Amino acid sequence: MPRHFIALSDHTAEDLRRYLDLAKLIKLNPRAFSKACEGLTLAMIFQKPSLRTRVSFHVGMSQLGGQAINLGPKDIQLHRGESVSDTAAVLCRYVDGVMARLFAHQDLLDLAAVSRVPVINGLTDFNHPVQVLADLQTIEEKLCRLAGLKLAYIGDGNNMAHSLLSGGSIMGMHVAVGHPEGYAPDANVVAMAREQAAHAGGSVLITSDPAEAIADADVVYTDTWTSMGQEAEAAERLARFQGFQINEALLGYARPRAIFMHCLPGHRGEEVSAEVMDGPRSVIFDQAENRLHVQKAILVHLMGHKR
Ligand code: CP
Ligand code: NVA
């Protein structure tokens, strides 16, 4: 298993299975892990806002017997020009692990390259692996398996699309991405996902027809049309993404038992209708809860005391 948690594509299906099994165990019996990170400290660097990532990592560390330190953009010297590498080199002399939410993915790679302690990706402009690990746990809980299921992601070819392509294909799912013209996912990520899918018995479909992407899907996923840092493009994106809203009409192409997923924060009336977001197929708050359990599994595995 890799010593950092930077991308799902760094992992094999067996690695991800180990994390999912440990997360299940932790969810069933959290008390059994109450000393797993006793006396250990996680530093949390945030260049962008966060509700779920911030709170679930903080609470997760407490429940494991350790503590977390929140380092927002104004709390440390990054905005005054201290490099990410220097920040990491200093931090790892004090703490036992670093979780970072950064803009540039290369900054996270630089951080991991110099860090002597495990580094966990809490989202970059490129990917969001902890979210998708929680999503895989949620899908398995709701539909009892991963391999062979069709996951349709409708929207921007962004960080969420990239991690869903990686995670889904590694686990043998059929991953379809329906995106507006000009908002396709990264070609290298798609190529790697195709290779993974071929190996694991899944497939990858990239299309600008949302109905084609969603046809017969077991899981329908969407994300905001304007990610953090893209606020200046919001009006243009709102216009370009018309026709890609997940509503009852579009959901009609999916399987009758299909579940609806969203990493949140969500925008009712934009990427998803209120009816679907708050409807019976929506599992959005289970996804949010599972962030806690899978991240505790990652913390225990990468940082925890070995029993
Ligand atoms: N889904 C997610 O990562 O939420 P936050 O941005 O609130 O952490
Ligand atoms: N694509 C979104 C995900 C938020 C969890 C963003 O980067 O803002």
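Scroll up to find the structure.
Now for a description of the structure that goes with this document. Computed from a predicted structure; not experimentally measured. (Residues numbered from 1 in each chain as written. Chains lettered and ligands numbered in written order. Predicted model: local features only at pLDDT ≥ 70, side-chain atom pairs only at ≥ 80, totals over all residues. Heavy atoms only, no water.)

1. Some points on the overall build of the protein
- Per the secondary structure count, the protein includes 12 helices and nine strands.
- The C-alpha radius of gyration computed for the protein amounts to 19 Å, which stays within 12% of the reference 19 Å derived for 307 residues, consistent with globular compactness.
- If you line up the protein on its principal axes, its C-alpha atoms span 55 × 40 × 35 Å.
- A burial count over the protein gives 55% of its 307 residues as buried.
- Sequence separation of at least 24 residues holds for 76% of the intrachain contacts in the protein that already meet a minimum separation of 6. (Helix = DSSP H or I, 4+ residues; strand = E, 2+ residues; numbered from the N terminus. Rg over C-alpha atoms; globule rule 2.2 N^0.38 Å. Buried < 20%, exposed > 50% of the residue type's maximum accessible area, 1.4 Å probe, protein only. Contact = heavy atoms within 4.5 Å.)

2. Thoughts on the pattern of salt bridges
- One pass over the structure, following the stated rule, counts 11 salt bridges.
- Between D21 and R17 there is a salt bridge; the shortest N-O distance is 3.2 Å. With D21 and R17 both in helix 1 (residues 13–28) and four residues apart, the pair spans about one turn of that helix.
- Among the ionic contacts, a cluster of salt bridges with common partners joins R17, D21 and E140. (Salt bridge = Lys/Arg side-chain N within 4 Å of Asp/Glu carboxyl O.)

3. Regarding the site of ligand 2
- All residues in the neighbourhood of ligand 2 are listed as L123, H128, N158, N159, D223, T224, S227, M228 and L264.
- In the model, a nitrogen atom of ligand 2 is placed 3.4 Å from a nitrogen or oxygen of the N158 side chain.
- For the shell around ligand 2, the per-class residue count stands at three nonpolar, five polar and one charged. (Near = heavy atom within 4 Å. Polar contact = N/O pair within 3.5 Å; in protein donor to acceptor, adjacent residues only side chain to side chain. Nonpolar A, V, L, I, M, F, W, Y, C, P; charged D, E, K, R; others polar.)

4. Points about helix 3 (residues 84–91)
- Listed as buried for helix 3 are V84, T87, A88 and L91. All buried residues of helix 3 fall inside an arc of 95° around its axis, so they share one side. (Arc of directions from axis to C-beta.)

5. Topic: the nonpolar core
- Formed by 59 residues in total, the largest nonpolar core has its most connected members in F5, I120, I139 and L151.
- If we ignore the near neighbours within four places in the chain, the residues touching F5 are H11, Y19, V119, I120, N121, P129, V130, L133, I298 and L302.
- Of all hydrophobic cores here, the second largest spans 20 residues; its members include A176, A211, A217 and I246. (Core = buried A, V, L, I, M, F, W, Y, C linked by side-chain atoms within 4.5 Å.)

6. Side note on the side chain of D135
- When you line up the elements, D135 lands in helix 5 (residues 129–143).
- Buried charge D135 goes without a salt bridge, the closest partner of opposite sign being R291 at 7.3 Å.
- A polar atom in the side chain of D135 sits 2.6 Å from the side chain of Y221.
- A polar side-chain atom of D135 sits 2.9 Å from a polar atom in the side chain of Q287.
- For D135, the contacting residues outside a window of four places in its chain are M160, L164, Y221, M261 and Q287. (Lys, Arg positive; Asp, Glu negative; His and termini not counted.)

7. Some remarks on the site of ligand 1
- Neighbouring ligand 1 are S50, L51, R52, T53, R101, H128, Q131, C263, L264 and R291.
- Here L51 contributes a backbone N or O atom positioned 2.7 Å from an oxygen atom of ligand 1.
- The side chain of R101 places a nitrogen or oxygen atom 2.8 Å from an oxygen atom of ligand 1.
- Surface burial for ligand 1 is 96%, taken as the share of its 260 Å² of free accessible area covered by protein chains.
- Split by residue class, the shell around ligand 1 holds three nonpolar, four polar and three charged. (Areas by Shrake-Rupley, 256 points an atom, 1.4 Å probe, with all protein chains shown as cover.)

8. A short note on the packing of helix 6 (residues 159–170) against helix 7 (residues 187–200)
- It is the contact of helix 6 with helix 7, at a shortest axis distance of 7 Å, that shows an interaxial angle of 15°. Classified by the angle their axes make, helix 6 and helix 7 are roughly parallel. The two elements helix 6 and helix 7 cross, and the hand of that crossing is left-handed. Where helix 6 abuts helix 7, its residues H162, L165, S166, S169 and I170 lie against V189, V190, A193, Q196, A197 and A200.
- Residues of the contact of helix 6 with helix 7, tallied by class, amount to seven nonpolar, four polar and no charged. (Axes fitted to C-alpha atoms, helices over the stretch in contact; angles between N-to-C directions. Parallel < 35°, antiparallel > 145°, perpendicular 65-115°, else oblique. Left-handed = near helix turned anticlockwise from the far one by under 90°.)

9. Quick word on unusual backbone geometry
- With an omega of 5°, the peptide bond between L264 and P265 qualifies as cis.
- Summarising the element assignment, P265 is placed in the loop between strand 9 (259–262) and helix 11 (274–277).
- The phi dihedral of L123 falls on the positive side, at around 110°, and the residue is not glycine.
- Residue placement: L123 occurs in the loop between strand 4 (119–121) and helix 5.
- Positive phi values are uncommon outside glycine, yet D216 reaches one of about 60°.
- On the secondary structure map, D216 appears in the loop between helix 8 (210–214) and strand 8 (219–222).

Any functional reading would require information beyond the geometric quantities listed.
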